[in-house]
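Below, each chain spelled out in residue letters.
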Amino acid sequence: MSNEFTLRQIRYFVAVAEAGSLSAAADVLFVSQPALSSAVTELESALGVQLCVRQKSRGVTLTPNGQSFYVRARQLIRNADELAWTTKSTGGSLRGPLTIGTYVSLAPEVVPYYLTEFPKREPELTLDYREGDTIELERMLLKGEVDAAILYDFGLDPRMRRKKLFEKRPRLLLRDDHPLRDAPHVDLRDIQDEPFIQMITSPAMSHTSSIFAEAGVTPNLRHHASNADLAQQLVANGLGYTILLAFPRRQSIYSELGLVHKAIFPTPPSVQVVVPC
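Quick caveat, the model's predicted, so the values are computed rather than measured.

Reading guide: rules and limits
Residues numbered from 1 in each chain as written. Predicted model: local features only at pLDDT ≥ 70, side-chain atom pairs only at ≥ 80, totals over all residues. Heavy atoms only, no water. Axes fitted to C-alpha atoms, helices over the stretch in contact; angles between N-to-C directions. Helix = DSSP H or I, 4+ residues; strand = E, 2+ residues; numbered from the N terminus. Parallel < 35°, antiparallel > 145°, perpendicular 65-115°, else oblique. Left-handed = near helix turned anticlockwise from the far one by under 90°. Contact = heavy atoms within 4.5 Å. Polar contact = N/O pair within 3.5 Å; in protein donor to acceptor, adjacent residues only side chain to side chain. Pairing = 2+ DSSP bridges. 1 Å grid on protein atoms, 1.4 Å probe; cavity = no way out; pocket = protein on both sides within 12 Å on 5 of 7 lines; lining within 4 Å. Points joined across faces, edges and corners; volume = space filled by probe spheres on them. Nonpolar A, V, L, I, M, F, W, Y, C, P; charged D, E, K, R; others polar.

Caption draft 1: Structural detail: the packing of helix 1 (residues 7-19) against helix 3 (residues 33-47). Where helix 1 meets helix 3, the closest approach of the two axes is 9 Å, and the angle between their N-to-C directions is 110 degrees. When the axes of helix 1 and helix 3 are compared, the pair comes out roughly perpendicular. Note on packing geometry: the crossing formed by helix 1 with helix 3 is left-handed. Between helix 1, through Q9, I10, Y12, F13 and V16, and helix 3, the contact on the second element is made entirely by L36, A39, V40, E42 and L43.

Encoded structure:
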């Protein structure tokens, strides 16, 4: 087996994998189908494995080896492009596209900041973003769909290196006419019989479960919410309380909705917001 293959061959293979057929990939790359097919064949020969099965009626299907290679090949291309952009940059500045993935409930807090501040520091950088929960963001990183991700350091693979950005402590969200609205903190045991609204994004479910478990409380689970906006509206409509980590920078939003957020007792540990690296 020869291990001599080119970046162009890898680009062609990735294009075929994503397009699903040689003809579609050839249209995207503006090359002939024979040239594309030859490049993929040469890549398979260099690797000593079959990456895909080509069928006229069904297009191209990746083999298990092909699926595994595709994930790494896509990331290799992104790294190569990033290297080229960085090398071409002048004065050490960055240039080209950069896609950041962010945990969905953190997005309102961090995305506007980065979209505003990055262009000031790196004017040749084109910033884009994607939202998702932890599972989705880890998948995006693995597939090379995002260059970096901002998420909570909870439920992450312990082998994954990460850089801490800041910390957040979970708080309780109540309606502003709740009997405990003026309390300095709220004991979870005092409200365990009230309807609880559970965030169902990962890792919100496991995180809130750990908070209740440490307090020795079994919540009265009544509703589920797929995002913070829905959870806030449910609370505002008197349908229960919830626990959140991310809160808007403009606190007047809560007063407009008739909501208050309170410290939790027993005090739960803070959660780090990190960038896997």
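Caption draft 2: A look at the side chain of K168. Mapping K168 onto the fold places it in strand 6 (residues 162-168). A distance of 3.2 Å separates the side chain of K168 from the side chain of E109, its partner in a polar contact.

Caption draft 3: Main features of the sheet that holds strand 13 (residues 271-276). Strand order in the open sheet made by the 5 strands is 4-3-5-13-6, with mixed pairing throughout. Since the sheet does not close on itself, it has two edges, and those belong to strand 4 (125-132) and strand 6, each with one partner. Here the strands of the sheet are splayed against their neighbours by 20 degrees on average, with no regard to which way each runs. For strand 6 and strand 13, the ladder comprises 6 bridges, and the chain directions are antiparallel. Within strand 13, the residue paired with K164 across the bridge is V274. Packing against the sheet, helix 5 (residues 107-121) makes contact with strand 3 (96-103), strand 4, strand 5 (148-152) and strand 6, and its axis sits at approximately 175 degrees to strand 4.

Caption draft 4: Fine view of empty space enclosed by the protein. Applying the stated criterion across every chain yields a total of 2 cavities of 30 Å³ or more. The wall of the largest cavity is formed by 15 residues, among which Y103, S105, Y152, A204 and L245 lie closest to the centre. Contributions of two or more residues to the lining of the largest cavity are made by helix 7 (204-215) and strand 11 (241-244). Top contributing element to the lining of the largest cavity by residue count: helix 7, with 3 residues. When grouped by side-chain class, the residues that make up the lining of the largest cavity number 11 nonpolar, 4 polar and no charged. Looking at the second largest cavity, its volume works out to about 70 Å³. I100, T102, V110, V111, Y114, L115, L127, D128, Y129 and I150 together form the lining of the second largest cavity. Those elements that provide at least two residues to the lining of the second largest cavity are strand 3, helix 5 and strand 4. Ranked by residue count, the leading element in the lining of the second largest cavity is helix 5, at 4 residues.

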